[in-house]
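Chains, contacts and geometry: an overview
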Amino acid sequence: MADLSVKVAGVEFKNPVIAASGCFGYGHEYEELFDLSKLGGISVKGTTLTRRDGNIPPRIAETPSGMLNSVGLQNPGIDYFIEKELPYLLKKDTVIIANIAGSSIEEYIEVAEKLNDTSVHMIEMNISCPNVKKGGAGFGTSCDMAASVTKAVRKATNKPLCVKLTPNVTSIAEIAKAVEAEGADAVSLINTLLGMRIDTRTRRPILHNNVGGLSGPAVLPVAVRMVWEVRNAVDIDIIGMGGISKGNDAAEIMLAGADAVQVGAALFNDPFACVRIVDELEKWCEVNKVDKLSDISGGVVTW
Ligand code: SIN
């Protein structure tokens, strides 16, 4: 059997498949279906300093081959997460990634500092949420802002730091370079693409927030292209995501340059998607005579 283990930002994962932030809660519902230790890792819902109730519904809309969401970072706040959810997650024999978000640099710092006294394995700093009025993608769409928040959080924590990037920019490679220069250990991409749907009968947007983030199989080619661009721009590790629903999709995004992958929207269609993708990657390695999966990272042979 092939070796599926990968290393990202110095952290060992038994396989490259991570349940994506916002699509897996804290794992309670999924644990009724399968053993969470089968996952390479879990990235938890974006967590802010204090509890947020999120945006007014409707917050989800279907799209051809995907979905739009405008959840608005609903979460119970960092103290609740540390006290009530993290101890349970850390017993699960899988890598636990704390996805953090904020509306100011000070908030990012405070949330990161609170995690210093925990055993969480990695921080994924979300500077790419398209659904909040303050912060979110505001930090991820300018090289200067991305660099400033990375520099500040880098100083505040010794945890491996991965910065989650937005595709809603002119050059995601430039943003990746800016966060690499300020000490990010890895980048994860892509967060959702800004989109909009309108109910033609009522003439109102389907989402109460008017716009939201597009994810699902429709965005896979965009993610593959952006991971490839970032791989050619930075030396730090990459977690690739966006539209992965099959083992072959995961292999594709790894060939583009990802060291590990996150699976999100596919879970709403198939709650077993992550564990199925691990099995499919194992078969992919067998068919393609790959002994160590991490060897394929960045292996695309361009024309
Ligand atoms: C949300 O909670 O609105 C989604 C989070 C994100 O896209 O970063």
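Scroll up to find the structure this text is about.
What comes next concerns the included structure. (Residues numbered from 1 in each chain as written. Predicted model: local features only at pLDDT ≥ 70, side-chain atom pairs only at ≥ 80, totals over all residues. Heavy atoms only, no water.)

1. Observations concerning the overall build of the protein
- Across its full length, the protein holds 10 helices and 16 strands.
- The globule rule puts the C-alpha radius of gyration for 303 residues at 19 Å, and the 18 Å found for the protein is close to it.
- Expressed along its principal axes, the backbone C-alpha trace of the protein runs to roughly 50 × 50 × 45 Å.
- Taken across its 303 residues, the protein has 57% of its residues classed as buried.
- Here the contacts in the protein between residues at least 6 apart in sequence split such that 71% fall between residues at least 24 apart.
- Carbon and sulfur atoms make up 50% of the accessible area of the protein, which amounts to about 13,300 Å² in all.
- Averaging the locations of the 30 positively and 37 negatively charged side chains of the protein gives two centres separated by 6 Å. (Helix = DSSP H or I, 4+ residues; strand = E, 2+ residues; numbered from the N terminus. Rg over C-alpha atoms; globule rule 2.2 N^0.38 Å. Buried < 20%, exposed > 50% of the residue type's maximum accessible area, 1.4 Å probe, protein only. Contact = heavy atoms within 4.5 Å. Areas by Shrake-Rupley, 256 points an atom, 1.4 Å probe, with all protein chains shown as cover. Lys, Arg positive; Asp, Glu negative; His and termini not counted. Charge placed at Lys NZ, Arg CZ, Asp CG, Glu CD.)

2. Focus: the site of the ligand
- For the ligand, the full set of nearby residues is Lys45, Asn69, Val71, Gly72, Leu73, Asn126, Cys129, Pro130, Asn131 and Asn191.
- In the model, an oxygen atom of the ligand is placed 2.7 Å from a nitrogen or oxygen of the lysine 45 side chain.
- Between the ligand and asparagine 126 there is a distance of 2.8 Å, counted from an oxygen atom to a side-chain nitrogen or oxygen.
- Against a free-state accessible area of 260 Å², the protein chains account for coverage of 92% of the ligand.
- If you map the ligand onto the pockets, it falls in the largest pocket.
- Residues belonging to the shell around the ligand are distributed by class as follows: four nonpolar, five polar and one charged. (Near = heavy atom within 4 Å. Polar contact = N/O pair within 3.5 Å; in protein donor to acceptor, adjacent residues only side chain to side chain. 1 Å grid on protein atoms, 1.4 Å probe; cavity = no way out; pocket = protein on both sides within 12 Å on 5 of 7 lines; lining within 4 Å. Sits in = over half its atoms within 2 Å of the grid points. Nonpolar A, V, L, I, M, F, W, Y, C, P; charged D, E, K, R; others polar.)

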